[in-house]
Amino acid sequence: MTLVRYNPLNDFVPGTFGDLIESVLRDKTNGNVNFKPAVDIFKGEKEIELQLFVPGMKKEDFNINLENNVLEISGERILKDELKEKLQKQESNYGKFRRAFTLSEDINQEKISANYADGILTIKLPLTEKKETKSVIKVS
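Residues numbered from 1 in each chain as written. Predicted model: local features only at pLDDT ≥ 70, side-chain atom pairs only at ≥ 80, totals over all residues. Heavy atoms only, no water.

S.K.: What should I look at first to understand unusual backbone geometry in this one?
M.R.: Glycine aside, negative phi is the norm for most residues, and most peptide bonds take the trans geometry. Residue Asn68 is not a glycine yet carries a positive backbone phi of 50°. Overall, Asn68 belongs to the exposed group, its relative accessible area being 68%. Unlike most non-glycine residues, Asp118 shows phi in positive territory, near 55°. Looking at the element boundaries, Asp118 is found in the loop between strand E6 (113-117) and strand E7 (120-126). (Buried < 20%, exposed > 50% of the residue type's maximum accessible area, 1.4 Å probe, protein only. Helix = DSSP H or I, 4+ residues; strand = E, 2+ residues; numbered from the N terminus.)

Okay, here's the thing in structure tokens:
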């Protein structure tokens, strides 16, 4: 194992390899690193729940569409101009994003709901109730 001396100036002075990669990504995306919000998916007995982690947005900033069994979530996280002037180091991502999920046939598409609170967009996908068909067949 090699020990590396910590230099606190590296947090503020550009020039590390990570800064080089980040600057290339920013140049290719008009100043924004590609933004792909993290998603957690939970499956229960009655519903599937998607949680997208998108802090600093408003509920009006999201577009949620459902077409041909594809749920598409898009929006844009914008860094305010007054904060851009003060920015010393940026680790969070800003920009436009789009996430798409193909839904299975057991999702009740008419009862899908969405809620945004505490930086998490929660989308609930209720499962259709499975109807058990049972019959007795007599042998002739």
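There is more to say after this.
S.K.: Is there a simple way to think about the sheet that holds strand E2 (residues 47-53) in this case?
M.R.: Picture the strands of a sheet paired through backbone hydrogen bonds; they go either parallel or antiparallel. Taken in spatial order, the 4 strands line up as E1-E2-E7-E6 in an open sheet, and their pairing is antiparallel. Whereas interior strands pair on both sides, the edge strands pair on one side only; in this sheet they are strand E1 (39-43) and E6. For this sheet, the mean angle separating the axes of adjacent strands, direction not counted, is 15°. Summarising the sheet, E6 and E7 pair through 5 bridges and their orientation is antiparallel. In the strand pairing of E7, Ala117 is matched with Ile120. (Pairing = 2+ DSSP bridges. Axes fitted to C-alpha atoms, helices over the stretch in contact; angles between N-to-C directions.)

S.K.: Got a minute to help me understand the nonpolar core in this structure?
M.R.: Here is a general trend for soluble globular proteins: nonpolar side chains tend to be buried in one another's company. Counting 18 residues, the largest nonpolar core has Val54, Ile73, Leu121 and Leu125 as the members making the most contacts within it. Secondary structure elements with two or more residues in this core: E2, strand E4 (70-77), strand E5 (95-102) and E7. For Leu125, the residues in contact, after removing those within four places along its chain, are Glu47, Ile48, Leu50, Leu71, Leu103, Ile107 and Ile112. (Core = buried A, V, L, I, M, F, W, Y, C linked by side-chain atoms within 4.5 Å. Contact = heavy atoms within 4.5 Å.)

S.K.: How should the packing of aromatic side chains be read in this particular structure?
M.R.: Where two aromatic rings form a pair, the distance of their centres and the angle of their planes describe that pair. A complete count under the given rule lists 2 aromatic pairs for this structure. Measuring from ring centre to ring centre gives 6.4 Å for Phe62 and Phe97, while their planes differ by 65°; the resulting arrangement is edge-to-face. Of this pair, Phe62 sits in strand E3 (residues 62-67) while Phe97 sits in strand E5; the two residues are 35 residues apart in sequence, bridging distant segments of the chain. Residue classification places Phe62 among the buried residues on the basis of a relative accessible area of 9%. Residue Phe97 is classed as buried on the basis of its relative accessible area of 4%. Judged by centre distance (5.0 Å) and plane angle (55°), the ring pair of Phe62 and Tyr116 falls under tilted. Taken together, the positions of Phe62 in strand E3 and Tyr116 in strand E6 put the pair 54 residues apart, joining distant regions of the chain. Members of the aromatic cluster, joined through ring pairs, are Phe62, Phe97 and Tyr116. One cation-aromatic arrangement involves Arg77 over Tyr94; the distance from NZ or CZ to the ring centre is 4.3 Å. (Phe/Tyr/Trp six-rings, centres within 6.5 Å; stacked < 30°, edge-to-face > 60°. Lys NZ or Arg CZ within 6 Å of the ring centre and 35° of its normal.)

S.K.: Just to check I follow, could you spell out the pairing of E1 for this structure?
M.R.: If a strand is regular, its side chains alternate between the two faces of the sheet. The pairing of E1 with E2 spans 5 bridges and is antiparallel. Of the residues in E2, the one forming a bridge with Ile41 is Leu50. Hairpin connection between E1 and E2: a loop of 3 residues separates the two successive antiparallel strands.

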